[in-house]
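# Topology and contacts: notes
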Amino acid sequence: MDLYLDSADREALGPLLRTGVFAGVTTNPLILERAGVRLGEVPELTRWLLDAGAREVFLQTTTSDVEAVVAEGHALRALSDRVVVKVPATVAGLTATAELARAGVPTLLTAVYHVRQAVLARAVGAAWIAPYLGRMTEAGRDGRRHVEQMQGILTGSGTRVLVASIRSVDDVHRLAVAGIDAVTVSAAVARELLEEPLTAAAVDQFDEAVTRLR
Ligand code: G3P
């Protein structure tokens with residue numbers, strides 16, 4: 001399972017990207033807003049993320065008209081061949097994704113809440129889908145079952161599953177065990193993911209032994 005960071009906060013992202021654990025960074029307008037990044041600053045943010053170690057950067061379109069989404073998708077992809085274009089899974093988004101896919105632009109259909117949308121994403125040639133696990137569950141749906149069924153449908157296809165809206169490290173653990181392709185997590189969940197108290201306690205014992213042996 002690949003790990004991504006769902007953030008545009010450079011202060012938080014720097015140390016996390018340096019670990020080499022995270023394959024890349026996912027963003028959307030909410031993520032940009034939380035980090036105080038304006039739309040005109042996205043190209044500079046993208047360059048910073050790639051220089052900081054992100055192997056892939058996911059940037060979301062902001063328009064709703066098919067032609068505008070397609071044009072925006074090409075413009076975002078032109079920033080780098082390591083940019084993946086995120087498009088909301090609406091009818092216009094599906095239509096634009098089909099056109100972008102035909103043009104060779106890798107896309108991720110986002111804000112996915114139901115298994116049937118995985119079938120639609122594969123049909124239009126999306127490279128990824130982003131089901132919102134936390135929000136699905138909070139809306140009263142069996143988010144984990146939906147996500148696992150999406151993975152079952154898409155395994156072996158050209159469309160991969162990148163689960164977002166992750167609420168805990170336990171979500172990451174269970175999704176990895178379920179064989180999900182990838183997850184994207186907040187900086188807070190990422191930091192918690194990296195820490196294991198029993199490992200830290202063992203290192204304390206090593207350090208004490210080293211002190212005694214000097
Ligand atoms: O990538 C989608 C994600 O940002 C949504 O997460 O925490 O707002 O449900 P959340």
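Residues numbered from 1 in each chain as written. Predicted model: local features only at pLDDT ≥ 70, side-chain atom pairs only at ≥ 80, totals over all residues. Heavy atoms only, no water.

Named according to an unreviewed UniProt entry, the protein is Transaldolase originating from Cellulomonas aerilata.

Looking now at the overall build of the protein. Scanning the protein from terminus to terminus reveals 11 helices and 8 strands. Compactness check: the protein gives a C-alpha radius of gyration of 19 Å against a globular reference of 17 Å for 214 residues, within 12% of the reference. Counting only C-alpha atoms and orienting by the principal axes, one finds that the protein spans roughly 70 × 40 × 30 Å. Looking at the protein as a whole, 45% of its 214 residues qualify as buried. At a minimum sequence separation of 6, the contacts of the protein that also span at least 24 residues come to 58%. Summed over its atoms, the accessible surface of the protein is roughly 10700 Å², and 53% of this surface lies on carbon and sulfur atoms. (Helix = DSSP H or I, 4+ residues; strand = E, 2+ residues; numbered from the N terminus. Rg over C-alpha atoms; globule rule 2.2 N^0.38 Å. Buried < 20%, exposed > 50% of the residue type's maximum accessible area, 1.4 Å probe, protein only. Contact = heavy atoms within 4.5 Å. Areas by Shrake-Rupley, 256 points an atom, 1.4 Å probe, with all protein chains shown as cover.)

Let us now look at the side chain of Ser-165. Its place among the elements puts Ser-165 in the loop between β7 (160-163) and α9 (169-177). Judged by its relative accessible area of 11%, Ser-165 falls in the buried class. Within polar-contact distance, the side chain of Ser-165 engages the backbone nitrogen of Arg-135 at 3.1 Å. Within the structure, the side chain of Ser-165 is placed 3.4 Å from the side chain of Arg-167, a separation counted as a polar contact. Beyond its immediate sequence surroundings of up to four residues, Ser-165 is in contact with Tyr-132, Leu-133, Gly-134 and Arg-135. (Polar contact = N/O pair within 3.5 Å; in protein donor to acceptor, adjacent residues only side chain to side chain.)

This part covers the site of the ligand. Neighbouring the ligand are Asp-6, Asn-28, Ile-31, Arg-34, Lys-86, Tyr-132, Arg-135, Ala-164, Ser-165 and Arg-167. Within the side chain of Ser-165, an N or O atom sits 2.7 Å from an oxygen atom of the ligand. Burial of the ligand by the protein amounts to 89% of the accessible area it has alone, namely 310 Å². (Near = heavy atom within 4 Å.)

Quick look at the sheet that holds strand β1 (residues 2-6) now. Spatial strand order, β1-β2-β3-β4-β5-β6-β7-β8: 8 strands in a closed barrel with parallel pairing. On average, each strand axis in the sheet is tilted by 30° relative to the strand beside it, whichever way the strands run. Bridge analysis of strand β6 (residues 128-131) against β7 gives 2 bridges, and the strand direction is parallel. Counterpart to Ile-129 in the pairing with β7 is Val-161. Contacting β2 (24-26), β3 (56-60) and β4 (83-88), helix α3 (residues 42-51) runs over the sheet at an angle of about 160° to β3. (Pairing = 2+ DSSP bridges. Axes fitted to C-alpha atoms, helices over the stretch in contact; angles between N-to-C directions.)

A word on the environment of Thr-26. Checked against the element boundaries, Thr-26 lands in strand β2. Overall, the relative accessible area of 2% leaves Thr-26 in the buried class. Sequence-distant contacts of Thr-26, that is, excluding residues within four places in its chain, are made with Tyr-4, Leu-5, Asp-6, Ser-7, Ile-31, Phe-58, Lys-86, Leu-162 and Thr-184. A distance of 2.7 Å separates the side chain of Thr-26 from the side chain of Thr-184, its partner in a polar contact.

Phi at Ala-111 is positive, roughly 60°, even though this residue is not glycine. Tracing the sequence through the fold places Ala-111 in strand β5 (residues 107-112). Classification of Ala-111 by relative accessible area gives partly exposed; the value is 27%. Located in the positive-phi region is Ser-165, a residue other than glycine, with phi close to 60°.

A few words on the packing of helix α4 (residues 66-77) against helix α5 (residues 91-102). Running from N to C, α4 and α5 point in directions that differ by 45°, and their axes come no closer than 9 Å. With respect to each other, α4 and α5 are oriented oblique. Considering how the two elements wind past one another, α4 and α5 form a crossing that is right-handed. Contact residues: α4 offers Val-66, Val-69, Val-70, Gly-73 and His-74, while α5 offers Ala-92, Thr-95, Ala-96, Glu-99 and Leu-100. Classifying every residue of the contact of α4 with α5 gives 6 nonpolar, 3 polar and 1 charged. (Parallel < 35°, antiparallel > 145°, perpendicular 65-115°, else oblique. Left-handed = near helix turned anticlockwise from the far one by under 90°. Nonpolar A, V, L, I, M, F, W, Y, C, P; charged D, E, K, R; others polar.)

With that settled, the discussion passes to the packing of aromatic side chains. Between two aromatic rings, the relevant description is the distance of the centres plus the angle of the planes. Inspection of every chain in the model, using the stated rule, returns 4 aromatic pairs. Seen in terms of ring centroids, Tyr-4 and Trp-128 are 5.9 Å apart; in terms of plane orientation they differ by 80°. Their pairing is edge-to-face. Placement of the pair is Tyr-4 in strand β1 and Trp-128 in strand β6, with a sequence separation of 124 residues. Like Trp-128, Tyr-4 is buried. One aromatic cluster in this structure is built from Tyr-4, Phe-58 and Trp-128. (Phe/Tyr/Trp six-rings, centres within 6.5 Å; stacked < 30°, edge-to-face > 60°.)

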